[in-house]
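Letter by letter, the chains look like this.
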Amino acid sequence: MADAIRAGGRLDILVNNAWPGYENMVEDGDFTWPQPFWQQPAWRWEAMIGTALRGAFMMSRAVAPLMIPARRGLIVNISFWAAQLYEGNAIYGIAKAAADKMAADFAHELRSYNVAAIALYPGLVRTEAVLENAEYFDMSNSESPQFIGHVIAGLWRDPALMLKSGHALIAAALAREYGIADIDGYRPAPLSAADFAPD
């Protein structure tokens, strides 16, 4: 993998977004996502930690040597509020907290090379899986899959990018800072921890 990446000679932006953790949320008619950690299927740990988190680390490890000589680069770990708050599944929270910590530590080690690393929180994204289950979601403040890409492009153009390195950032808040709308013109409202507080 690393040799194939290096063959291209340069890579400016890496977005770590591979995520198999939402697969098979219903097993044999049972919605297993909200079960307590001791009843969670072991495959879910392997999917979120062994596949998604390991993949983010290994890809970052492979591309950092391309960014360092260029003295410019951006590594983005797609994360979510589950890193900071309980979001209904302990493994999910562990994985997102690790993604945030990974970005923070990468940022520390890359700072002297002018390479940034951040964790980025999207809102509710209209993926195929979300649209298939739209009746279970409030779609009024949802985001297209393209929205976060536009936000990341805005980050790349930001002359103050290195000041943001190491932080967990909210995509919709950055969009407002950069004057970016979604592809349909809608400007999603940034969510905060208070939006996820239990009733």
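So, here is what we can say about the structure in this document. All residue numbers here refer to positions counted from 1 along the written sequence of the relevant chain. Given that the model is predicted, a residue must reach a pLDDT of at least 70 before its local features are reported, and side-chain atom pairs must reach 80 or more before they are shown or counted; all residues, however, enter totals for whole chains, interfaces and linings. Hydrogens and waters are ignored; side-chain quantities use all the structure's heavy atoms.

## Structural notes on the pairing of strand β1 (residues 13-16)
Convention followed: Each residue gets one of three labels from its accessible area relative to the maximum for its type: buried under 20%, exposed over 50%, partly exposed in between, using a 1.4 Å probe on protein chains only. Numbering of helices and strands starts at the N terminus; helices are DSSP runs of H or I of at least 4 residues and strands are runs of E of at least 2. A pair of strands counts as paired when DSSP detects no fewer than two bridges linking them.
Burial along β1 is one-sided: Leu14 and Asn16 are buried, while Ile13 and Val15, pointing the other way, are not. In terms of strand pairing, β1 meets strand β4 (residues 73-78) through four bridges, oriented parallel. The partner of Ile13 across the bridge, within β4, is Leu74.

## Describing the pattern of salt bridges
Heads up, the condition is: Basic side-chain nitrogens of Lys or Arg form a salt bridge, by our definition, when they fall within 4 Å of a carboxyl oxygen of Asp or Glu.
Inspection of the entire model under this criterion finds five salt bridges. As a salt-bridge pair, Asp105 and Lys101 come within 3.1 Å of each other at their nearest N and O atoms. Here Asp105 and its partner Lys101 are both found in helix α3 (residues 90-110), four residues apart, which amounts to about one turn of the helix. Taking relative accessible area as the criterion, Asp105 reaches 34% and is therefore assigned partly exposed. The partner of Asp182 in a salt bridge is Arg126, and the shortest N-O contact between them spans 3.9 Å. Of this pair, Asp182 sits in the segment after α7 (171-178) while Arg126 sits in the loop between β5 (115-121) and α4 (128-132), and the two are 56 residues apart along the sequence. Of the residues examined, Asp182 reaches a relative accessible area of 4% and is grouped as buried. For Arg126, a relative accessible area of 23% corresponds to the partly exposed category. When salt bridges that share partners are traced, they join Asp158, Lys164 and Glu177 into one network.

The values reported here are purely geometric and, on their own, carry no functional implication.
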